[in-house]
Amino acid sequence: MNPIKQIKLRKLNMHLKHSFTTSFGTMQDKDFFIAEAIDGEGNRGFGESVAFSYPWYSEETVGTNWHVMRDFLIPVLQDNAISHPDDVSALFEPIKRNNMAKSTLEGAVWDLYAKQNNQTLASALGGEKEAIDVGISIGIQPSVEALLDKVAYFVNDGYKRIKIKIKPGWDVDVLQSVRQHFPKIPIMADANSAYTLHDMEHLKQLDALNLMMIEQPLAHDDIIDHATLQANMQTPICLDESIHSLEDTRKAVELGSCKIINIKIGRVGGLSEAKRIHDYCRNNGIDVWCGGMLEAGVGRAHNIALTTLPGFTLPGDTAGSLLYWEKDIITPVVNVEDGMIRVPDQPGIGYAIDEEALEQFTVDVHTFHV
Ligand SMILES: O=C(O)CCC(=O)C1=CC=C[C@@H](O)[C@@H]1C(=O)O
Ligand SMILES: [Mg+2]
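The residue numbers shown here count from 1 along each chain, following its written sequence. Ligands are numbered from 1 and chains lettered from A, in the order in which they are written. In view of the model being predicted, local features appear only for residues whose pLDDT reaches at least 70, and side-chain atom pairs are presented and counted only at 80 or more, with totals across whole chains, interfaces and linings using the full set of residues. Excluding hydrogens and water, the side-chain figures rest on all heavy atoms present in the structure.

To be explicit about the condition: UniProt positions are given in the numbering used here, feature names are shortened, and annotations may be inferred rather than shown by experiment.
In the nomenclature of an unreviewed UniProt entry, the protein corresponds to o-succinylbenzoate synthase from the organism Lentibacillus kapialis. According to UniProt, the comment filed for the protein under the heading Sequence similarities (unreviewed entry) is "Belongs to the mandelate racemase/muconate lactonizing enzyme family. MenC type 2 subfamily."

In structure tokens:
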């Protein structure tokens, strides 16, 4: 590919329309990085970091991302020629973990590569779908009534799957109530590691609710106990936080720790590894879907492109921009119609950057010459 000449790291601050509560806590203000890779002909590729400001989801934060991108990852890109975006994850291999930092830069290279080749990011990845099914993730609500109202709203809006956050004290009864009101809709639960094997008998009650899956019920770094739980539950277990690589995937699948995997581009270190995980799961009968990290439009666009791969058989968390943001940094915004998103046909991520919005939300910019 044509050489990268410049990398820009912009730190943005955006305010979510609605606060988002999980078993870990509540967030509404989001700081994150947008990486821009520019070549000698002025083509611009964009990537988005999904790290939060506080290390509750993984060990990474906006702060660690800045340190690792500036001090280690960008110097690797300055010192090495790249012929294909797959080279990036190989070049970053000697640097341990820090997958969200790696993914931010690799995503910008993938977008630049697709634009240089005048193809969509979806087609550059090998995706064929022209539209993708999407679901919605509903944070923990102040009351069951409030949750039922939200479920009714999104079911009405055509979302293909409802993901409900659970935690001890807000789980079986709440899901029973949802299932009573909505006997047929596809429902899944996301526990964000709020349980242990001591809760197995309690969690087995969920088997009566015909859930699509229960996501990450046990520890964020576990696959052994999940294998024991899956052997005792009908409901398919979906792993999210436990899976950081193709190797983690292989071990979890061989142990029987899960039947479904939530692939998040940032959590696994970028699109190349996400594609490798997709291919492995497709060859081993494991369904995958694309998780969300409350992204702005650039990250959302990358999720859409990844979801066009054939093994993404289940609706993901890539809902429409305006559910999250008053104003997004892309134009047009990501729009959901009847629970589906049409895959953009423009080169790269397929959405233009809303330069004015990008400027408005940017709090810091650093430019690196490559
Ligand atoms: O982007 C979305 O709408 C999905 C958000 C979401 O469900 C999550 C974001 C980040 C961490 C978790 O709480 C949760 C998840 O596990 O997928
Ligand atoms: Mg999850």
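Now that the structure has been shown, the text picks up again.
## Here we look at the site of ligand 1
Keep this limit in mind: One heavy atom within 4 Å of a molecule or strand is enough for the residue carrying it to be called near that molecule or strand. Definition of a polar contact: a pair of N or O atoms within 3.5 Å, with one able to donate and the other able to accept a hydrogen when the atoms are protein atoms, and with sequence-neighbouring residues admitted only if both atoms are side-chain atoms. Segments assigned H or I by DSSP are reported as helices when at least four residues long, segments assigned E as strands when at least two residues long, and all are numbered from the N terminus. The nonpolar class holds Ala, Val, Leu, Ile, Met, Phe, Trp, Tyr, Cys and Pro. Asp, Glu, Lys and Arg form the charged class, and all remaining residues, Gly among them, are polar.
Around ligand 1 there are 18 residues in total, and S137, D190, K264, L294 and Y324 lie nearest to it. Between ligand 1 and the protein, one listed contact pairs an oxygen atom with a backbone N or O atom of M293 at 3.4 Å. In this structure, Y324 approaches ligand 1 through a side-chain N or O atom, which is 2.5 Å from an oxygen atom. When contributions to the shell around ligand 1 are tallied by element, the ones reaching two or more residues are β1 (4-22) and β6 (162-165). Here the residues of the shell around ligand 1 sort into seven nonpolar, four polar and seven charged.

## Digging into the pattern of salt bridges
Let me state the cut-off plainly: For this analysis, a salt bridge means a side-chain nitrogen from Lys or Arg found within 4 Å of a carboxyl oxygen belonging to Asp or Glu. Relative accessibility under 20% of the residue-type maximum defines a buried residue, over 50% an exposed one, and the middle range a partly exposed one, all with a 1.4 Å probe and only protein chains included.
Summed over all chains, the structure comprises 19 salt bridges. We note a salt bridge from R70 to D71, for which the minimum N-O separation is 2.7 Å. For R70, a relative accessible area of 35% gives the class partly exposed. Taking relative accessible area as the criterion, D71 reaches 32% and is therefore assigned partly exposed. Of the charged contacts, one joins R250 and E247 as a salt bridge, the two residues approaching to 2.8 Å between their closest N and O atoms. Taken together, the residues span about one helical turn, with R250 and E247 both in helix α9 (residues 246-255) at a distance of three residues. Residue class for E247 comes out partly exposed when judged on its relative accessible area of 38%. Each of R161, K163, K165, D190, E215 and D317 takes part in salt bridges that share partners, so that together they form one network.

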